[in-house]
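Geometric and topological summary
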Amino acid sequence: MILTCPQCKKQHNIDERRIPPNVKMARCKYCEHRFPFVREEKSSETLQEAPDKTAGGPRKIGVSLSKGGVGKTTTAVNLAAGLACTGHKVLLVDTDTQGQDSFMLGVTPRAGLTELVTDELEPDEALFEARENLWLLAGGKSLAGLKRLIDRKDFGGELTMAETLCKFDKRFDYIIVDTSPGWDPLTVNVLFYVDELLIPVSLEVMTLQGLVEFLNSIAAIQKYRKNISLRYILPTFLDKRVRKSEGVLGKLTDLYGERMCSPIRYNVRISEAPAYGQTIYEYAPGSPGAHDYRELIRKVADKPGLFK
Ligand SMILES: Nc1ncnc2c1ncn2[C@@H]1O[C@H](COP(=O)(O)OP(=O)(O)OP(=O)(O)O)[C@@H](O)[C@H]1O
Ligand SMILES: [Mg+2]
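What counts and how
- Residues numbered from 1 in each chain as written.
- Chains lettered and ligands numbered in written order.
- Predicted model: local features only at pLDDT ≥ 70, side-chain atom pairs only at ≥ 80, totals over all residues.
- Domains from an automatic or database assignment.
- Contact = placed C-beta atoms within 7 Å.
- Nonpolar A, V, L, I, M, F, W, Y, C, P; charged D, E, K, R; others polar.
- Near = placed C-beta within 6 Å.
- Helix = DSSP H or I, 4+ residues; strand = E, 2+ residues; numbered from the N terminus.
- Pairing = 2+ DSSP bridges.
- Axes fitted to C-alpha atoms, helices over the stretch in contact; angles between N-to-C directions.

Some thoughts on the domain arrangement of the chain
Domain annotation of the chain identifies domain 1 (2-44) and domain 2 (59-301). Domain 1 and domain 2 are separated by 31 Å when their C-alpha centres are compared. Listed as interface residues are 10 residues of domain 1 and, on the opposing side, seven residues of domain 2. Along the lines of polarity and charge, the residues of the side of domain 1 that touches domain 2 split into seven nonpolar, one polar and two charged.

So, in structure tokens, the structure goes:
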């Protein structure tokens, strides 16, 4: 079949039989542009097709927003740790080169996601048991190499993570994926892997415009992954003394109704905990921050009686 790059209009003669059936993106060899790859036959079906959700498999939740400093890592870590406290087996995956999830949990794994994807290590060597029931696939600087590896793939780069992490489908109840700010090949990989999205929206720094732009990008991915759902909007950094906070909160509630989670208040204990390598439940179990994150866990697990 002939594929034409929508950017430089160069044509590529492709042997369709050599392309795995789940591949949906192509990269132009001439101008490096990435574009959706639609098979000649059944093209409309391919566009609508969503990856199979593993029956009885883990819930896969991505904590994501392109804006920085909104509480993604804090939320991913405390959500994962809180679910682990309730007896669930949880895997936390850090897809950010900052490697903050390890720091927040006070651990220093010597390997993580990169070594797992590149087959340098076996799953048991790449996973780090950070707490009882809580395993970490660490991020960090080595992810830069992984991004290059994904970028170099002509086909299927966006499925790299999904193909690797499917080996954990029987092992965990929850897989929580923390993403980096911005929009990079790993973020796209996360969106081709998780089924649910939790979006932290900082009431301090966030404009609704930023959220709308992010949601437009998600909508573009949803064309190829119908199963991914925007499940939770989590307002963070709520400070009742700041009038703007209440205004943004009200607008979000109007827009997202059921998907809205109870807000996480601005709480200095939350910002202190990482320096001690502790979760909020360990560092300040009686604090408003711990209270708010427990409320989030009740909503995500859909168990109103948890921790009571
Ligand atoms: N509710 C809160 N109250 C006070 N401080 C908070 C709260 N939530 C997060 N913080 C602090 O704000 C900073 C940014 O949070 P965090 O690292 O979780 O954001 P992020 O979205 O992951 O950032 P990045 O986009 O850089 O990855 C951290 O120092 C964190 O401890
Ligand atoms: Mg972060």
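Re the site of ligand 1
Around ligand 1, the structure places 21 residues, and the nearest of them are Gly 68, Lys 72, Thr 73, Thr 74 and Pro 181. Those elements that provide at least two residues to the shell around ligand 1 are α2 (72-85) and α11 (268-272). Classifying every residue of the shell around ligand 1 by side-chain character gives seven nonpolar, 12 polar and two charged.

A short note on the environment of Glu 132
Locating Glu 132 in the fold gives a position in the loop between β7 (128-131) and β8 (134-137). Sequence separation of Glu 132 and Ile 2 is 130 residues, and the distance between their C-alpha atoms is 53 Å.

Here we look at the sheet that holds strand β10 (residues 196-202)
What holds strands together in a sheet is hydrogen bonding between their backbones, with the strands either parallel or antiparallel. Spatial ordering of the open sheet is given by β7-β8-β6-β9-β5-β10-β11, a layout of seven strands whose pairing is mixed. Looking at the sheet topology across the chains shown, the edges are occupied by β7 and β11 (229-236). With direction set aside, neighbouring strand axes in the sheet form an average angle of 25°. Judged from the five bridges that link them, strand β5 (residues 59-63) and strand β9 (residues 174-178) form a sheet pairing that is parallel. By the bridge assignment for β9, Gly 62 is matched with Val 177.

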